[in-house]
Amino acid sequence: MFNLNFTICHKIKSFMKHKKIMILTVYIASINGLLAPILPLLFMKSLKGGAMILLSYPFTVSLVGSIDSIGTILGSLISSKFERFSIYSLLRVNMMLTIVELVLIYMNSLVVLLPIIFFSSLLVGLTMPMFEAELVTNCDSDSLGMVNGLIDSVLVCVVPVGTGIFTGIATQNVSLALVILMLLLVILIILSGTMLRRWE
């Protein structure tokens, strides 16, 4: 137990030494926490049927999941062609697209929503290798493994937390969950423009 606590403390200390990576991690973790509930909210809205269903509910879930996965994979494959773009700019564009997604979910516009999901997932795939490159560039070889491990833990943890909170709200009122998510994304976009400008 002592060794475990020592290892965790050592990882946190190593992480805190790299201010740019720390800020970028908090930024990405916040985005991940807000993006994670999007598809679950879409599926919850689809349960009501109507324009949010294509052929059948299982087909809709499979189609949306496939588009999401294809976009992410394709983005990671072509990320080298977008090296001239800032990771911060791509993340902000992704948040803006996510707001559009939420509006379309609210309006029950699944057909228009599908290509937006693809482009949003594409941006996620593009930024993942960029984030890894930032880690390698800003962390020395001695601390890279520990910092990377801590970051992975943080990014994994925020996904179920964000999903749980917003799906919990959505069980009472899906529209309320969508509106709260939109407001938080707008706030994050505004804050990111101020906090991250000096890192670009």
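As shown above, the structure is provided for reference.
What counts and what doesn't
Throughout, residues of each chain are indexed from 1 in the direction in which the sequence is written. Since the coordinates come from a predicted model, pLDDT governs what is reported: local features require at least 70, and pairs of side-chain atoms require 80 or more to be given and counted, while whole-chain, interface and lining totals use all residues. Calculated side-chain values reflect all of the structure's heavy atoms, with hydrogen atoms and water omitted. Helix and strand labels come from DSSP, where a helix needs a run of H or I of at least four residues and a strand needs a run of E of at least two; each type is numbered from the N terminus. For this analysis, residues touch if any pair of their heavy atoms sits within 4.5 Å. What counts as an axis is a line fitted to C-alpha atoms, over the stretch in contact for a helix, and the angles between N-to-C directions run from 0 to 180 degrees. Working rule for angles: under 35 degrees goes down as roughly parallel, over 145 as roughly antiparallel, 65 to 115 as roughly perpendicular, anything else as oblique. Residues belong to one nonpolar core when they are buried, are Ala, Val, Leu, Ile, Met, Phe, Trp, Tyr or Cys, and are joined through side-chain atoms within 4.5 Å. The cut-offs for exposure are 20% and 50% of the maximum accessible area for each residue type, with area from a 1.4 Å probe on protein chains only; residues under the lower value are buried, those over the upper are exposed, and the others partly exposed. A helix is expected to span 1.5 Å multiplied by its residue count minus one. Aromatic rings from Phe, Tyr and Trp, taking only the six-membered ring of Trp, are treated as a pair when their centres fall within 6.5 Å; an angle between ring planes under 30 degrees marks them as stacked, one over 60 as edge-to-face, and anything in between as tilted. Note on convention: the crossing is left-handed when the near helix lies turned anticlockwise from the far helix by less than a right angle, right-handed when the turn is clockwise. Under the scheme applied, nonpolar residues are Ala, Val, Leu, Ile, Met, Phe, Trp, Tyr, Cys and Pro; charged residues are Asp, Glu, Lys and Arg; polar residues are all the others, including Gly.

A.B. asks: Is there a simple way to think about the overall build of the protein chain in this case?
C.D. replies: From N to C terminus, the protein chain includes 8 helices and 0 strands. Summarising the internal contacts of the protein chain: among those between residues at least 6 apart in sequence, 80% fall at separations of at least 24.

A.B. asks: How do you make sense of the packing of helix H3 (residues 38-46) against helix H5 (residues 87-106) when you look at a structure like this?
C.D. replies: Two packed helices can be described by the angle between their axes and the distance between those axes. The N-to-C vectors of H3 and H5 enclose an angle of 10°; their axes lie 10 Å apart at closest approach. Relative to H5, the element H3 lies roughly parallel. Taken together, the residues of H5 that come into contact with H3 (itself represented by Ile 38, Leu 42 and Lys 45) are Thr 98, Glu 101, Leu 102, Ile 105 and Tyr 106.

A.B. asks: For this particular structure, what's the right way to read the nonpolar core?
C.D. replies: Soluble, globular proteins show a tendency: their nonpolar side chains are buried together. By size, the foremost hydrophobic cluster in this structure holds 49 residues, and its most contacted members are Leu 24, Tyr 27, Leu 42, Val 64, Ile 87 and Leu 113. Residues in contact with Val 64, not counting those within four places in the same chain, are Leu 39, Leu 42, Phe 43, Leu 110, Leu 114 and Ile 117.

A.B. asks: What exactly am I supposed to notice about H5 here?
C.D. replies: One turn of the α-helix equals 3.6 residues, which is why residues spaced by three or four share an orientation. The end-to-end C-alpha distance of H5 is 29 Å, a good match for the 28 Å that 20 residues give at a rise of 1.5 Å each. Among the 20 residues in H5, 14 count as buried, and that is most of the element.

A.B. asks: Explain the packing of aromatic side chains here, please?
C.D. replies: Applying the stated criterion to the full structure yields 1 aromatic pair. Arranged with centres 5.5 Å apart and planes meeting at 75°, the rings of Phe 118 and Phe 119 form a pair that is edge-to-face. According to the relative accessible area criterion, Phe 118 is partly exposed, its value standing at 22%.

A.B. asks: How do you make sense of unusual backbone geometry when you look at a structure like this?
C.D. replies: Trans peptide bonds make up most of the peptide bonds, and negative phi angles are found at most residues other than glycine. Positive phi, normally seen in glycine, also occurs at Asn 108, with a value near 60°. Following the sequence through the fold, Asn 108 ends up in the loop between H5 and helix H6 (110-138). By relative accessible area, which is 32% here, Asn 108 ends up partly exposed.

A.B. asks: Which parts of the structure should I look at to understand the packing of H3 against helix H4 (residues 57-77)?
C.D. replies: Contact geometry for H3 and H4: axes closest at 11 Å, N-to-C directions at 160°. Here H3 lies roughly antiparallel to H4, going by the angle between them. The handedness of the crossing between H3 and H4 is right-handed. Note on element contacts: H4 touches H3 through Tyr 57, Thr 60, Val 61, Val 64 and Asp 68, opposite Leu 39, Leu 42, Phe 43 and Ser 46. Of the residues belonging to the contact of H3 with H4, the class tally is 6 nonpolar, 2 polar and 1 charged.

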